[in-house]
Amino acid sequence: MESKEIFVKAHVRVIRQKVYRFVCKECNLVSERICFPSQPLYCERCRPPKPKVEKPSNEAVVKAQTTKRKPPTKQRAAAARAKK
């Protein structure tokens with residue numbers, strides 16, 4: 001089972017997954033689901049788990065922050081008028 005590390009002020013807290021057995025609110029069937037410490041309400045058929053989002057690499061973030069960007073159109077128009 002997975003676990004998460006959460007930074008809380010001056011220490012790290014590890015949260016582990018648990019197997020929950022419950023009655024689904026939508027289909028009213030008894031089901032089991034592995035979740036982090038909150039009791040699930042729906043089974044995996046009624047509400048499938050969300051896909052994990054991949055975070056961009058550190059190199060991509062640094063590159064995006066260091067590249068020069070064009071100013072918004074209003075600022076470009078004002079700058080063009082100021083040059084004339």
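Keep in mind that what you see is a predicted model, and the values were worked out from it rather than measured.

In this section: the overall build of the protein. Each helix and strand counted, the protein has two helices and four strands in total. Walking the protein from its N terminus toward its C terminus, one meets helices and strands in the order β-β-β-β-α-α. Looking at the protein alone, contacts between residues at least 24 apart form 6% of all its contacts between residues at least 6 apart. Carbon and sulfur atoms form 55% of the exposed surface of the protein, whose accessible area is close to 8,200 Å².

To describe a pair of aromatic rings, one takes the distance between the centres and the angle between the planes. In total, this model carries zero aromatic pairs according to the counting rule given. Positioned over the ring face of phenylalanine 36 is lysine 4, at 4.5 Å from the centre of the ring. It is arginine 47 that lies over the ring of tyrosine 42; its NZ or CZ is 4.0 Å from the centre.

Under the defined criterion, the tally for this structure stands at three salt bridges. Salt-bridge contacts for arginine 47 lead to glutamate 26; the nearest nitrogen and oxygen are separated by 3.7 Å. In this pair, arginine 47 is assigned in the loop between strand 4 (30-35) and helix 1 (58-66) and glutamate 26 in the loop between strand 3 (18-23) and strand 4, connecting sequence segments 21 residues apart.

Together, Met1, Val19 and Ile34 give the surface a local cluster of nonpolar side chains, amounting to about 320 Å² of exposed area. Within the secondary structure layout, valine 19 lies in strand 3. Overall, the relative accessible area of 43% leaves valine 19 in the partly exposed class.

Attention shifts here to unusual backbone geometry. Comment: phi is negative for the bulk of residues other than glycine, and the bulk of peptide bonds are trans. Phi angles above zero are rare outside glycine, and asparagine 28 is one such case at about 60 degrees. The class of asparagine 28 is exposed, set by a relative accessible area of 57%.

The next thing to look at is the pairing of strand 1 (residues 3-8). Summarising the sheet, strand 1 and strand 2 (residues 11-16) pair through six bridges and their orientation is antiparallel. For lysine 4, the partnering residue across the bridge sits in strand 2 and is isoleucine 15. In textbook terms, the turn of a hairpin is the stretch between consecutive antiparallel strands, and for strand 1 and strand 2 this stretch comprises two residues, one of which, lysine 9, has a positive phi near 45 degrees.

Calculation notes
Residues numbered from 1 in each chain as written. Predicted model: local features only at pLDDT ≥ 70, side-chain atom pairs only at ≥ 80, totals over all residues. Heavy atoms only, no water. Helix = DSSP H or I, 4+ residues; strand = E, 2+ residues; numbered from the N terminus. Contact = heavy atoms within 4.5 Å. Areas by Shrake-Rupley, 256 points an atom, 1.4 Å probe, with all protein chains shown as cover. Phe/Tyr/Trp six-rings, centres within 6.5 Å; stacked < 30°, edge-to-face > 60°. Lys NZ or Arg CZ within 6 Å of the ring centre and 35° of its normal. Salt bridge = Lys/Arg side-chain N within 4 Å of Asp/Glu carboxyl O. Patch = residues over 30% accessible without salt bridge, like charges linked within 9 Å, V, L, I, M, F, W, Y side chains within 5 Å. Buried < 20%, exposed > 50% of the residue type's maximum accessible area, 1.4 Å probe, protein only. Pairing = 2+ DSSP bridges.

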